[in-house]
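Okay, here's what each chain looks like letter by letter:
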Amino acid sequence: MNLICTIAELEQAIDIQKQAGRIVGFVPTMGALHQGHLMLVNNAGEECDVVVVSIFVNPTQFNNNEDLQRYPRTLESDMRLLKSTPCSIVFAPSAEEVYPEEDTRVFQFGNIGSVMEGKYRPGHFNGVAQVVSKLFDMVKPHKAYFGLKDFQQLAIINSMVDQLKIPVEIIPCPIVRESDGLAMSSRNALLEPIERDNAALISKTLFEAQKKKKMYSVNELKKWVVGTIDTNSFLKTEYFDIVDDRELKSITSWEQKVNKVACIAVHCGKVRLIDNIIL
Ligand code: PAF
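A brief look at the structure comes next. Since we're looking at a predicted model, the values are computed, not measured.

1. Regarding the packing of aromatic side chains
So, step 1. This model, assessed by the stated rule, comprises six aromatic pairs.
So, step 2. Their ring planes at 75° and their centres at 5.6 Å tell us that Phe62 and Tyr71 sit as a pair that is edge-to-face. As far as burial versus exposure is concerned, Phe62 and Tyr71 are alike and both buried.
So, step 3. With a centroid separation of 5.6 Å and 20° between ring planes, the pair formed by Tyr120 and Tyr239 is classed as stacked. Of this pair, Tyr120 sits in helix H7 (residues 117-120) while Tyr239 is found in strand S7 (residues 235-244), placing the two residues 119 residues apart along the sequence.
So, step 4. Given a relative accessible area of 33%, Tyr120 falls into the partly exposed group.
So, step 5. Put simply, the rings of Phe26, Phe136 and Phe146 touch in pairs and so form one group of aromatic residues.

2. Looking at the packing of helix H1 (residues 7-19) against helix H8 (residues 124-139)
Any two packed helices are characterised by how steeply their axes cross, that is the angle between the axes, and by the distance between the axes.
So, step 1. It is the contact of H1 with H8, at a shortest axis distance of 8 Å, that shows an interaxial angle of 50°. The orientation of H1 with respect to H8, classified from their angle, is oblique. Between H1, through Ile7, Leu10, Glu11 and Ile14, and H8, the contact on the second element is made entirely by Asp137, Met138 and Val139.
So, step 2. Of the residues contributing to the contact of H1 with H8, the split by class is five nonpolar, no polar and two charged.

3. Description of the environment of Phe240
So, step 1. Mapping Phe240 onto the fold places it in strand S7.
So, step 2. Residues Phe240 and Pro167 lie 73 residues apart in sequence; the distance between their C-alpha atoms is 34 Å.

4. A closer look at the nonpolar core
Soluble globular proteins tend to bury their nonpolar side chains together.
So, step 1. One finds Leu10, Val52, Phe136 and Ile170 to be the most contacted residues of the largest nonpolar core, which totals 44 residues.
So, step 2. Listing elements by their share of this core, those giving two or more residues are H1, strand S2 (24-29), strand S4 (87-91), H8, strand S5 (143-147), helix H9 (151-164), S7 and strand S8 (260-268).
So, step 3. Sorting elements by how many residues they give to this core places H8 first, with nine residues.
So, step 4. Those residues in contact with Val52 that lie beyond four places of it in its chain are Leu10, Ile14, Val24, Gly25, Phe26, Val27, Ile89, Phe91 and Val139.
So, step 5. One finds Leu182, Ala209, Val218 and Ile264 within the second-largest nonpolar core, a separate group that totals 24 residues.

The rules behind these values
Sequence order as written defines the numbering, with residues in each chain counted from 1. pLDDT decides what is reported in this predicted model: residues at 70 or higher carry local features, side-chain atom pairs at 80 or more are listed and counted, and totals for whole chains, interfaces and linings draw on all residues regardless. Only heavy atoms go into the side-chain values, all of them from the structure, while hydrogens and water stay out. Under the pairing criterion, centres of Phe, Tyr and Trp rings, with the six-membered ring standing for Trp, must be within 6.5 Å; the plane angle then separates stacked pairs below 30 degrees from edge-to-face pairs above 60, leaving the rest tilted. With a 1.4 Å probe rolled over the protein chains alone, any residue whose accessible area is under 20% of its type maximum counts as buried; one over 50% counts as exposed, and the rest are partly exposed. For helices the rule is a DSSP run of H or I covering at least 4 residues; for strands it is a run of E covering at least 2, with both sets numbered from the N terminus onward. For helices, the axis comes from a line fit to the C-alpha atoms of the stretch in contact; other axes are also lines fit to C-alpha atoms, and the angle between any two N-to-C directions lies between 0 and 180 degrees. Working rule for angles: under 35 degrees goes down as roughly parallel, over 145 as roughly antiparallel, 65 to 115 as roughly perpendicular, anything else as oblique. The contact rule is simple, with two residues in contact once any of their heavy atoms fall within 4.5 Å. Note that Gly is not counted as nonpolar here; it falls among the polar residues with everything else outside the nonpolar set of Ala, Val, Leu, Ile, Met, Phe, Trp, Tyr, Cys and Pro and the charged set of Asp, Glu, Lys and Arg. Buried Ala, Val, Leu, Ile, Met, Phe, Trp, Tyr and Cys residues that are joined via side-chain atoms within 4.5 Å together make up what is termed a nonpolar core.

Here you go:
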């Protein structure tokens, strides 16, 4: 496994692989790797000849400086974890390497960029689109792997790829959960032990909601979910919505002939957690 920190070296390494006719798979990450990331890397390994994993905490997608400072940075242990996967190149550039000058591009995503995460983290998706488009340009992968935990991010990436006509296949991968159901996230490492225990109520409530769907109207179910989570003193719901999986528009009735996804963001102490479930 090769650790590469510059774009020039990366492009050289990728060129060699592509000239040999190999399929390049790419897993972009911000590090602090967990089993969810490793599953993306393993999926890439099954479908591709070469797997590139980027580790870069992207400053432009943080709308809160404290959040950026607190984000875990664990390159050494990330490298150790990746040794047991099919990853062959780790790309860990500096911020100066990725942004030699300010990226002033402003993407337009319409509804999918302005609801839920888009509403509560203004600028976040623009930063995601900036960095992922740059990384795609550097790695030029045939396929790129993204987790469904960041459901809205996946919609943004698909839209960005369409808009910029990037020749890459986006592969969505299922959410990986801890044994108590909590969706795996690099942010989980920031939870105090007592917060970590209570955070399991988020996924537990989503799974219950899936079962209760038939008993309640859409609005009643929304109220039940928020009420259930907010009775726990460690948790505060930021938003909960049930949306269609294409436009991410709120649904108002179970009769609507669309695939329905329940999406949630919850504050647990200083940590903000997101999760979602297909209803
Ligand atoms: O999902 C993430 O970890 C990040 O948003 C991504 C896609 C690596 C871009 O920085």
